[in-house]
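# Working through the structure, step by step
Listed here are the chains, written in short residue letters.
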2 protein chains.
Amino acid sequence: MKAIQPTRGRLLAAAAALLVAGNAAAYDWQALPEKPPSPKHNPTTEAKVELGKKLYFDPRYSASGTVSCNTCHNLMEGSDDGRPTSMGVFGRTGPRNAPPVWNAAFMSTQFWDGRAKNLEEQAKGPITAGVEMGMGSMDMAVERVISIDGYRELFAKAFPGDSNPTTVDNFVKAVAAFERTLITPNSPYDQYVKGDKSALSDQQVRGMKTFNEVGCTSCHSGPAFNGPQMNMPEGQGFYQKFPTFTDNEYVKKYNLMADKGRARGTGKESDLHMYKVPTLRNVTLTAPYFHNGQVETLPEAVRVMGKVQLNKDLSKQQVTDIVAFLNGLTGEFPEITMPRLPSNPGETVVEVSGDAESVSAH
Amino acid sequence: MKAIQPTRGRLLAAAAALLVAGNAAAYDWQALPEKPPSPKHNPTTEAKVELGKKLYFDPRYSASGTVSCNTCHNLMEGSDDGRPTSMGVFGRTGPRNAPPVWNAAFMSTQFWDGRAKNLEEQAKGPITAGVEMGMGSMDMAVERVISIDGYRELFAKAFPGDSNPTTVDNFVKAVAAFERTLITPNSPYDQYVKGDKSALSDQQVRGMKTFNEVGCTSCHSGPAFNGPQMNMPEGQGFYQKFPTFTDNEYVKKYNLMADKGRARGTGKESDLHMYKVPTLRNVTLTAPYFHNGQVETLPEAVRVMGKVQLNKDLSKQQVTDIVAFLNGLTGEFPEITMPRLPSNPGETVVEVSGDAESVSAH
């Protein structure tokens, strides 16, 4: 089993996880809650969700008018974009793979390096990142949105107590409220742990045991397989060093040391190559893998994890079984109707500020 | 009234339109059909629509993996993108404004210059255009799509008689079948002409009369306000010269002569600056206006049309009334559920071939 690398303050939780993982028979397999959380600082309401849904799918408040939240976190798929790293406005690409929004409601921190304490804070990042939606500031995004007829009313309805409802804070609260509805319970795994022993195949059950025995659960624990985060206060993430074992072929092949992890933001030596443990829910839908999206298939991702995190050469059988088990983590996706986006009668909303390349014919 | 510029073979229809338009009282205002056409060469079926819907929203068969049909023809809005000209893969932009897909089922030709005879032929254009979805060929697009688990089955289900259902022809048939479901009947105008005289305001009724009297209906006639196209055989479009009157401020201001229109494709002198008469259904949702998207508001578009097509300086009142009438052409949008896009369990689908700009941090 790999050495746990707890961050300051996480020692107890990590030790508890180790103890549990040490005893395969007693391992506490947990189902995903069927209801998403609704935090006190932003209780979910129908009106917030309605506004947030429109904002989530509206590309018009990006610099080019072409990139929405859904562009990189496509809810029609695994809430990612299938790319190694995402492509934002004007064809620009960033350095990290798009994390899933499905079940992000259950994460206590957001982004690969956990630099946002909740979904509200997270929403501000891509909107203002030059390589994502590319708006100069959140204020500019709000300004663009409320220049569209209909949005002002939706803000007022979503935040009925506010004298000035069209604020940055309310904008991201609405987006977060919508995102908290995006959960995928009742996967075959969930059905299995709730008692339906036919929900997983024999191979999947074997994979589940292997997943625990080789040590995956020492980090990928809890109902979302992202560590004990679901029971942690907002902002207190569960971080691990990746890669832990560096003397192997994979580290160079997949360029795993180039990104400084949490240290990129904090500048701290102790945060070097530290990442939030990502959820494994719907992992089969979110290829390519890892923070840099350099691994194209799930079997290879499992092999790499075995080596660089547990220093184990997993057998072909072990890998196949674990992958079969991970396939059982794909949940039920709620049906989503497309929002009608507000429009200004007869007026252009997007003011285009540039493009990567223009041509004179097509 | 402006001089009609009929193309070869359209003389009779144009003459008939002229006669009708010449008598305002007798003008034949028509409602949009409530059922879309289902052509013999591609009868609409549920299975085709299901496949076509997935294809319409799937960005993975674009060169960057980020651009779908819906990117530029956004069904959550007016089925356009709000941009002067669209932005495709890698931030590239083309020369023309995205035409609406809503009610495109009722057009007898497609594209601004009518170079596709139906929706099937149209679908091939953007997929292979370097500045739109950027695939090298339709074969490559089909190959990419059927490399995704689940699509092969959907093709087989949609084309049950075919020994090899995964063809380019079937691909575009499915997309077209879905697009034919995208109609917006029962606008206030439709309700009005069907007998509900309260469906339009007094101003809108005044605008409707002005719209006819000043001569707009000499081209923008029929249920879709795109000329007699709905009753014309596939591929026989109704074209007009734009601009017709060139000695005015607008032609230079909005650069209306730069695009050769149909002549760009045909090379014929007689096709110079000829365009398909576009529908005015939902026109209030599709700013900015004209083939080059250079006019930002509908009132200005009406003023420009009055001058460059009818050589008339419309009064402020006339413009305001016509705009009010055009607002009455916004129909009822059917609720669309988001498709679940097929995935390859644990495998990357998009093979990214390049990007406009990469950065090392965000």
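Scoring rules and cut-offs
The numbers attached to residues start from 1 for each chain and follow its sequence in the written order. Chains carry letters and ligands carry numbers; both start at the beginning, A for chains and 1 for ligands, and go up in the order they are written. Local features in a predicted model are, by the rule used here, given only for residues with pLDDT of at least 70; side-chain atom pairs are given and counted only at 80 or more, and totals for whole chains, interfaces and linings are based on all residues. Excluded from the side-chain calculation are hydrogens and water; included are all heavy atoms of the structure. Helix and strand definitions follow DSSP, with helices as H or I runs of at least four residues and strands as E runs of at least two, each counted in order from the N terminus. For a compact globule the rule gives 2.2 Å times the number of residues to the power 0.38, and the radius of gyration it is set against comes from C-alpha atoms. Partly exposed residues are those whose accessible area sits between 20% and 50% of the maximum for their type, while under 20% is buried and over 50% is exposed, using a 1.4 Å probe and protein chains only. The contact criterion used is simple: two residues touch if any of their non-hydrogen atoms lie within 4.5 Å. Salt bridges are defined by distance alone: a side-chain nitrogen of Lys or Arg within 4 Å of a carboxyl oxygen of Asp or Glu. UniProt positions are given in the numbering used here, feature names are shortened, and annotations may be inferred rather than shown by experiment. One number per residue, pLDDT, summarises how confident the predictor is, and it ranges from 0 to 100. The convention is simple: Lys and Arg are positive, Asp and Glu are negative, and His and the chain ends are not counted. Counting of polar contacts relies on pairs of N or O atoms within 3.5 Å, with two restrictions inside protein: one atom must be capable of donating a hydrogen and the other of accepting it, and residues adjacent in sequence are counted only when both atoms are side-chain atoms. Side-chain atoms within 4.5 Å are what join buried Ala, Val, Leu, Ile, Met, Phe, Trp, Tyr and Cys residues into a set we call a nonpolar core. What marks off one domain from the next here is an automatic or database domain assignment. Summed over both partners, the accessible surface that disappears when two parts come together, traced with a 1.4 Å probe, is what is meant by buried area. In this comparison the copies share one frame, found by least squares on the C-alpha atoms of residues holding pLDDT of at least 70 in both.

Here we come to the overall build of chain A. The secondary structure content of chain A amounts to 13 helices and four strands. For 362 residues, the compact-globule formula gives about 21 Å, and the C-alpha radius of gyration of chain A, at 21 Å, lands near that figure. In chain A, buried positions account for 60% of the 362 residues. Taking contacts inside chain A between residues at least 6 apart in sequence as the whole, the part at least 24 apart equals 71%.

Before going further, it helps to spend a moment on the pattern of salt bridges. Per the stated rule, a full pass over the model turns up 30 salt bridges over all chains. Here E77 of chain B and R60 of chain A are joined by a salt bridge, their closest N and O atoms 3.8 Å apart. Placement of E77 of chain B in the loop between helix 3 (69-72) and strand 1 (92-93) and of R60 of chain A in the loop between helix 2 (46-57) and helix 3 (69-72) is noted, with the two residues assigned to different chains. Considered together, E77 of chain B and R60 of chain A belong to a single accessibility category, that of buried residues. For the salt bridge of R96 of chain A with D113 of chain A, the shortest nitrogen-to-oxygen distance reads 3.1 Å. Taken together, the residues span a long stretch of sequence, with R96 of chain A in the loop between strand 1 (92-93) and helix 4 (119-128) and D113 of chain A in the loop between strand 1 and helix 4 at a distance of 17 residues.

All names here are of chain A. In this numbering, the UniProt entry assigns the feature "binding site: heme c 1" (unreviewed entry) to C69, C72 and H73. Within the secondary structure layout, C69 lies in helix 3. Classification of C69 as buried rests on a relative accessible area of 15%. Tracing the backbone shows H73 in the loop between helix 3 and strand 1. On the accessibility criterion, H73 (14% relative accessible area) is buried.

Below, the discussion takes up the confidence of the model for chain A. Keep in mind that low pLDDT regions are not for reading the predicted coordinates in detail. For chain A, per-residue confidence averages 91 on the pLDDT scale, and residues scoring 70 or more make up 90% of the total. Contacts of residues 1-24 of chain A to residues separated by more than four positions or lying in other chains number 46 contacts, the stretch itself having pLDDT below 50.

What follows deals with the side chain of D81 of chain B. Take D81 of chain B: it is sitting in the loop between helix 3 and strand 1. Buried and unpaired, D81 of chain B has no salt bridge, with R83 of chain B as the nearest side chain of opposite charge at 4.8 Å. Looking at D81 of chain B, its side chain comes within polar contact range of the side chain of S86 of chain B, at 2.7 Å. Ignoring sequence-local partners within four residues, the contact set of D81 of chain B consists of G65 and V350 of chain A together with T71, C72, S86, M87 and A98 of chain B.

Of all hydrophobic cores here, the largest spans 90 residues; its most connected members are L55 and F171 of chain A together with L55 and F171 of chain B. F171 of chain A has contacts with L55, Y61, I127, M138, A141, V142, V145 and F155 of chain A, leaving out every residue within four places of it along the chain.

A few words on the domain arrangement of chain A. All names here are of chain A. Here chain A is described as being made up of domain 1 (11-34 + 185-327) and domain 2 (46-179). If you average the C-alpha positions of domain 1 and of domain 2, the two centres end up 27 Å apart. With 32 residues of domain 1 at the interface, the matching set in domain 2 holds 24 residues. On the domain 1 side of the contact with domain 2, E234, K276 and H291 bury the most area, a combined 22% of that side's loss. The interface formed by domain 1 and domain 2 holds one salt bridge in total.

Expressed as a screw operation, the relation of chain B to chain A combines 0.0 Å of axial shift with a rotation of 180 degrees, fitting to an RMSD of 0.0 Å. Here the symmetry operator amounts to a two-fold rotation axis.

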